Amino acid sequence: MRSRISPTRIRPKAAPKVALTAVVSAVLAVLAVAAAAPLSSSASSSVGSLRSRLSQQHARAHSLSAKAGAASQLIGRLDGQIALVTQREAAVQTRLGAARGALAGAQVAVIRERAVLQVLKVRLARSREALTRLLVSDYESAPQNIVTVVLQAHGFVDLLDRLQYLHMAEGQEKAIVHVTTVAKAQAQSAAARLSRLQARDQSTADAVATEARAIAGMNSLLQSKRGVLERVRAIQDAQLQATRARQSRLSHELSVVEAQQAAQAPAASGSPVPYGGSGASGGWAIPYAIVLCESGGQNLTPNSAGASGYYQILPSTWAGAGGTGPAAYLAPKSEQDRIASILWNNGAGASNWVCSGIVGIH
């Protein structure tokens, strides 16, 4: 019976332990050198560019916010002027209504006066006609005097009748002359009064209408200015929102890059990095990304809300935390660092800065 002989397995020789240890050591050394090597110029340039762009965006946002605030103040002043002009316009419209009412009454009076004048003209014409007939009758008849009447009378009774008739004729003539004179005077007075009413009412209506047009023009001009300012403020608000959005993106990018740097820096230097980071002006009491988002690392004057300084602290918050002076930007950086450190409270007071949420630090 043929026996099966298994082939002999040939195993490779084990690598010398000394050689393997040397390779591992060499690899670790290379990694250590790579970790200890300084950041590349492109990374530093990227951080510098981000900080510069973030600072520019912050300055732009601050400028746009100030301009929007100024536009709002102008709109507020215009609103006050518009309110005054509107009140004045309402008063003038009331006066104009009263003037038009008076004019309507005067027109009724004019119609009445014209009717009276027409009646007087008719009366004057009749009086003149009667006077003319009387004068013609006196001219055509023989002259009548007291002697003629006495001689022509047939007795005493006839004499009395003739004398009474002569007296009545003389009185009638005088009455006609008097009525004619009075009618003429009344006609002239009515015509003069009509002329005065027309002139007065026309002048009043013209003056009030001119004032109403002037005030309406002022109101229209103010409304036009307000519309322009509203459009300008809307544009500024849109630009401000876009700038803040870019600022938020840049802050996030910067925080990511700085986090990468912070992760590499301890391996390179063997020492921890301060929590606040550092910027162009030295160390900071809070994360530098928040500083860049808030002030761009600049000691800014008060904004529209009153916040100022490197850390954009409100005057009330500054005073409550024991800050020296009336505002943060008037104090030296060391004092601002001290107050900011108190407010930060090892991260528990991160909500004191809006930008902490923007850059992702809570």
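Reference entry: report on the structure contained in this document. (Residues numbered from 1 in each chain as written. Predicted model: local features only at pLDDT ≥ 70, side-chain atom pairs only at ≥ 80, totals over all residues. Heavy atoms only, no water.)

### Concerning the nonpolar core
Item 1. Counting 30 residues, the largest nonpolar core has Ile 286, Ile 290, Tyr 311, Ile 313, Trp 344 and Trp 353 as its most contacted members.
Item 2. Contributions of two or more residues to this core are made by helix H2 (41–140), helix H4 (156–269), helix H5 (288–295) and helix H7 (333–344).
Item 3. In terms of residue count, H5 provides more of this core than any other element does, six residues in total.
Item 4. Core analysis: the second largest hydrophobic core is formed by 12 residues, Ile 75, Leu 78, Val 92 and Ala 212 among them. (Core = buried A, V, L, I, M, F, W, Y, C linked by side-chain atoms within 4.5 Å. Buried < 20%, exposed > 50% of the residue type's maximum accessible area, 1.4 Å probe, protein only. Helix = DSSP H or I, 4+ residues; strand = E, 2+ residues; numbered from the N terminus.)

### A closer look at the packing of aromatic side chains
Item 1. Taken as a whole, this structure holds four aromatic pairs when the rule is applied.
Item 2. When the centroid spacing of 6.1 Å and the interplanar angle of 55° are considered together, the rings of Trp 344 and Trp 353 count as tilted. Side by side, Trp 344 and Trp 353 carry an identical accessibility label, which is buried.
Item 3. Residue placement shows Lys 333 over the ring face of Trp 284; its charged tip is 4.3 Å from the ring centre.
Item 4. Here the basic side chain of Lys 333 rests over the ring of Tyr 310, its NZ or CZ set 5.9 Å away from the ring centre. (Phe/Tyr/Trp six-rings, centres within 6.5 Å; stacked < 30°, edge-to-face > 60°. Lys NZ or Arg CZ within 6 Å of the ring centre and 35° of its normal.)

### Focus: H7
Item 1. In a regular helix each residue adds 1.5 Å, so 12 residues correspond to 16 Å; H7 covers 16 Å between its end C-alpha atoms and thus fits that length.
Item 2. Within H7, burial applies to Lys 333, Glu 335, Gln 336, Asp 337, Ile 339, Ala 340, Leu 343 and Trp 344.
Item 3. Backbone geometry just downstream of H7 places Asn 345 in the positive-phi region, at approximately 50°. (Expected span 1.5 Å × (residues − 1).)

### Examining the pattern of salt bridges
Item 1. Taken as a whole and assessed by the stated rule, the structure comprises seven salt bridges.
Item 2. Across the pair Asp 79 and Arg 226 runs a salt bridge whose closest N-O atoms are separated by 2.4 Å. A residue pair is termed long-range when its members are at least 10 positions apart, and Asp 79 in helix H2 and Arg 226 in helix H4 qualify at 147 residues.
Item 3. Accessibility expressed as a relative area gives 31% for Asp 79, which makes it partly exposed.
Item 4. Salt-bridge contacts for Arg 338 lead to Glu 335; the nearest nitrogen and oxygen are separated by 2.7 Å. Highlighted residues: Arg 338 and Glu 335, both in helix H7, separated by three residues, approximately one helical turn.
Item 5. For Glu 335, a relative accessible area of 11% gives the class buried. (Salt bridge = Lys/Arg side-chain N within 4 Å of Asp/Glu carboxyl O.)

### Details of unusual backbone geometry
Item 1. Located in the positive-phi region is Gln 312, a residue other than glycine, with phi close to 50°.
Item 2. Mapped onto the fold, Gln 312 is located in the loop between H5 and helix H6 (315–320).
Item 3. In this structure, Asn 345 is a non-glycine residue whose phi angle is positive, near 50°.
Item 4. Relative to the helices and strands, Asn 345 is located in the loop between H7 and helix H8 (354–358).

### Brief notes about H5
Item 1. Among the eight residues of H5, eight are classified as buried, and the element is accordingly described as predominantly covered.
Item 2. Just downstream of H5 lies Gly 296, where phi reads positive at about 70°.

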